[in-house]
Amino acid sequence: MARILVTGGAGFIGSNFVHFVLSRTPHTIVVLDKLTYAGNRESLTGLPEERFQLVVGDICDAALVDALVADSDIVVHYAAESHNDNSLHDPSPFVETNLIGTYTMLEAVRKHGKRFHHISTDEVYGDLDLNDPVRFNESTPYNPSSPYSSTKAGSDLLVRAWVRSFDVQATISNCSNNYGPFQHVEKFIPRQITNILAGQRPKLYGTGENVRDWIHADDHSSAVLTILEKGTIGETYLIGANGEKNNKSVIEMILRLMGHDETEYDHVNDRPGHDLRYAIDSTRLHEELGWEPAYTSFEDGLLATIDWYRAHPLWWQRDKAATEARYTELGR
Ligand code: NAD
Ligand code: TDX
């Protein structure tokens, strides 16, 4: 039984991991989360009190991080500024949290000799051509496009350097686009679902031919747990579930599943520097660690996600108006 420190555990994927681990293992979890606009206490309700604690604080606060890491066996680092559109508007919190925050975490695990797992993204590899059969793998060179993805790439390189230079006991995973319950309404899939629920039209950037490789957040969590249990120190694992879809087809699927005509959406301004296609080859995770995703149908997972947003209006309405006001400012 381990005591796990989870940074960013009040966000979308971190909170999924907390629920996933507490319902399947005897481990204890302490979440360190700043509760930025993206963090939500309501994503952490219904957990066993004796095995769970939320500490509200910043991963850049070295004294706080030092004390929490000293008291833990394992650190799983999800905390980040995560939204590309925000990073194009104001990169500064991305540099602070994603780079200085990760550095602060690394110094603490180095000092206390603790196991560290760093959560990262496939966006560090840049993008692929639309009709290229190639997918990202563990040896694809780094080529990030946005302030968000470049700060995540920088954080990955810090972890690699701390492993090589200081023998920090770390692993890294780079995952593709996640979907599922508890995702902030600024992100593509929840934005469209909640637009429809609120009587507004979905918004497609540019032509919508851009491809994302979708994976359910539960499958991301099961992969991270597998890496913690069986991964090799110093290694990187790519996490994906063969979920490539272009944005236009996802908007049309959401409209259809919600009983609307597939044409009832708006084209809006494209994102500057918009990455064309992401695609993950997760052979290593399958062959070396025996991991398999549980969600085999994107449509079934999407339908369950739509049902969740329909059933939890209080969770998402908190952020909806402010998010759409920000998009109006950006012309998207
Ligand atoms: P999110 O924005 O939903 O959650 C981020 C969480 O981190 C929030 O709870 C926020 O309050 C917290 N946080 C932000 N700055 C902090 C700070 N300085 N100190 C402490 N807490 C802070 O993000 P997400 O989508 O859940 O992503 C989580 C991680 O997974 C990120 O590292 C992201 O790069 C990575 N990732 C995300 C995806 C995806 O599709 N969303 C895919 C691959 C990897
Ligand atoms: O309203 C929209 N309309 C639209 O067409 C929004 C919000 C997005 N899009 C497009 C842009 C992307 O091609 O949908 C795609 C997905 O957009 P996001 O949800 O913003 O995700 P993306 O930029 O692909 O990044 C996500 O996956 C990788 C996460 O936000 C990152 O944290 C993760 O690292």
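Being a predicted model, the structure only gives us computed values, none of them experimental.

Conventions adopted
Here the residue index of a chain counts from 1 through its sequence in written order. Whichever chain is written first is A, and whichever ligand is written first is 1; the rest continue in order. Per-residue local features are limited, in this predicted model, to residues with pLDDT of at least 70; the limit for side-chain atom pairs, both in listing and counting, is 80 or more; totals at the level of whole chains, interfaces and linings are taken over all residues. Side-chain measures were taken over the full set of non-hydrogen atoms in the model, leaving aside hydrogen atoms and water. Segments assigned H or I by DSSP are reported as helices when at least four residues long, segments assigned E as strands when at least two residues long, and all are numbered from the N terminus. Each radius of gyration reported is based on C-alpha atoms, and the globular scaling rule is 2.2 Å times the count of residues to the power 0.38. For the exposure calls, accessible area comes from a 1.4 Å probe over protein chains only, and a residue counts as buried if that area is under 20% of its type's maximum, exposed if over 50%, partly exposed in between. Any two residues whose heavy atoms approach within 4.5 Å at even a single point are treated as in contact. A pair of strands is considered paired only if DSSP assigns at least 2 bridges between the two. Nearness is defined per residue: one heavy atom within 4 Å of the molecule or strand is enough. The term polar contact refers here to a pair of N or O atoms within 3.5 Å; inside protein, the definition further demands a hydrogen-donor-capable atom paired with an acceptor-capable atom, and it admits residues adjacent in sequence only when both atoms are side-chain atoms. Only the protein chains shown count as cover for residues, with accessible areas throughout obtained via the Shrake-Rupley method and a probe of 1.4 Å. Note on terminology: a nonpolar core comprises buried Ala, Val, Leu, Ile, Met, Phe, Trp, Tyr and Cys residues joined through side-chain atoms within 4.5 Å. Only the contacting stretch of a helix is used when fitting its axis, a line to C-alpha atoms as for every element, and angles between N-to-C directions run 0 to 180 degrees. Any angle from 65 to 115 degrees is called roughly perpendicular, while one under 35 is roughly parallel, one over 145 is roughly antiparallel, and all others are oblique. Note that Gly is not counted as nonpolar here; it falls among the polar residues with everything else outside the nonpolar set of Ala, Val, Leu, Ile, Met, Phe, Trp, Tyr, Cys and Pro and the charged set of Asp, Glu, Lys and Arg. Helix span, as expected, comes to 1.5 Å for every residue beyond the first. In this tally, Asp and Glu contribute negative charge and Lys and Arg positive charge; neither His nor the terminal groups of the chain are included. Salt bridges, as used here, are contacts in which a Lys or Arg side-chain nitrogen is within 4 Å of a carboxyl oxygen on Asp or Glu.

*Asks:* Which parts of the structure should I look at to understand the overall build of the protein chain?
*Replies:* Secondary structure summary: the protein chain contains eleven helices and 13 strands in total. Since a compact globule built from 332 residues should have a radius of gyration of about 20 Å, the 19 Å found for the protein chain is in line with a globular shape. If one aligns the C-alpha atoms of the protein chain with their principal axes, the spans along those axes are about 55 × 45 × 40 Å. Scored against the burial criterion, the 332 residues of the protein chain give a buried share of 55%. Across the protein chain, the fraction of contacts at a sequence separation of at least 24, relative to all contacts at a separation of at least 6, is 81%.

*Asks:* I keep staring at the pairing of strand E11 (residues 236-239) and nothing clicks. Help me out?
*Replies:* Along any regular strand the residues' side chains alternate between the sheet's two faces. Burial along E11 is two-sided: the residues Thr 236 and Leu 238 and Tyr 237 and Ile 239 are all buried. In this sheet, E11 lies alongside strand E6 (residues 170-175) in parallel orientation, the contact comprising four bridges. Note that in E11 the partner of Ile 172 across the bridge is Thr 236.

*Asks:* Would you mind going over the site of ligand 2 with me for this structure?
*Replies:* Lining the immediate surroundings of ligand 2 are 22 residues, of which Glu 123, Tyr 148, Arg 212, Arg 271 and His 274 lie closest. At a separation of 2.9 Å, an oxygen atom of ligand 2 approaches a polar side-chain atom of Asn 177. When isolated, ligand 2 has an accessible area of 660 Å², and the protein chains bury 95% of it. Among the elements of the structure, helix H6 (188-197) and strand E8 (203-205) are those that each provide at least two residues to the shell around ligand 2.

*Asks:* Honestly, the nonpolar core in this entry has me stumped. Any pointers?
*Replies:* For soluble globular proteins, the rule of thumb is that nonpolar side chains tend to be buried together. One finds Val 18, Ile 29, Val 76 and Ile 239 to be the most contacted residues of the largest nonpolar core, which totals 31 residues. If you list the elements that add at least two residues to this core, you get strand E1 (3-7), helix H1 (12-24), strand E2 (28-33), strand E4 (74-77), helix H7 (217-230), E11 and helix H9 (283-289). In this structure, Val 185, Leu 257, Leu 302 and Tyr 309 belong to the second largest nonpolar core, which totals 22 residues.

*Asks:* What exactly am I supposed to notice about the site of ligand 1 here?
*Replies:* Surveying the vicinity of ligand 1 reveals 28 residues, the closest of which are Ile 13, Asp 33, Ser 82, Tyr 148 and Lys 152. Thr 36 is positioned such that a nitrogen or oxygen atom in its backbone is 3.0 Å from an oxygen atom of ligand 1. Asp 58 is positioned such that a nitrogen or oxygen atom in its side chain is 2.9 Å from a nitrogen atom of ligand 1. The fraction of the free accessible surface of ligand 1 (830 Å²) that becomes covered by protein chains is 97%. Secondary structure elements with two or more residues in the shell around ligand 1: H1, strand E5 (115-121) and helix H5 (147-166).

*Asks:* What should I look at first to understand the packing of H6 against helix H11 (residues 313-330) in this one?
*Replies:* Angle between the axes and distance between the axes: these two values describe a pair of packed helices. Remark: H6 packs on H11, axes separated minimally by 11 Å, with the N-to-C direction vectors making an angle of 105°. Accordingly, the angle class assigned to the pair H6 and H11 is roughly perpendicular. Across the interface between the two elements, Arg 191, Thr 194, Asn 195 and Leu 197 of H6 pack against Trp 316, Lys 320, Glu 324 and Tyr 327 of H11. Here the residues of the contact of H6 with H11 are counted per class, giving three nonpolar, two polar and three charged.

*Asks:* Got a minute to help me understand helix H4 (residues 92-112) in this structure?
*Replies:* Every α-helix winds through 3.6 residues per turn, so residues three or four apart in the chain are directed the same way. Over its 21 residues, H4 runs 29 Å from end to end, which matches the ideal 30 Å to within 8%, given 1.5 Å per residue. Among the residues making up H4, those that are buried are Phe 94, Thr 97, Asn 98, Gly 101, Thr 102, Thr 104, Met 105, Leu 106, Ala 108 and Val 109. Buried residues belonging to H4 abut E1, helix H2 (62-70), E4, helix H3 (84-89), E5 and H5. A positive phi of about 65° marks Gly 113, the residue just after H4.

*Asks:* Explain the sheet that holds E1 to me, please; I cannot follow it from the model alone.
*Replies:* The strands that make up a sheet are held in pairs by hydrogen bonds between backbone atoms, and each pair lies either parallel or antiparallel. As summarised here, the arrangement of the seven strands in space is E3-E2-E1-E4-E5-E6-E11, forming an open sheet in which the pairing is parallel. With partners counted over all chains shown, the strands left at the sheet margins are strand E3 (52-56) and E11, one partner each. Shown here is a sheet whose adjacent strand axes are inclined to one another by a mean of 20°, direction ignored. Across five bridges, the pairing between E1 and E2 is parallel. Of the residues in E2, the one forming a bridge with Val 6 is Val 31. Contacting E1, E2, E3 and E4, H2 crosses the sheet at an angle of about 170° to E2. Running over the sheet, H7 touches E4, E5, E6 and E11 and is turned about 145° from E5.

*Asks:* Even after reading the chapter, I still don't get the side chain of Asp 122, so can you show me in this structure?
*Replies:* Along the chain, Asp 122 falls in the loop between E5 and H5. No salt bridge forms around the buried Asp 122; measuring N to O, its nearest opposite-charge neighbour Arg 212 is 7.1 Å away. There is a polar contact of 3.4 Å between the side chain of Asp 122 and the side chain of Thr 121. If near-sequence neighbours (up to four positions away) are discounted, Asp 122 is found in contact with Phe 136, Asn 174, Cys 175, Ser 176, Asn 177, Tyr 278 and Ile 280.

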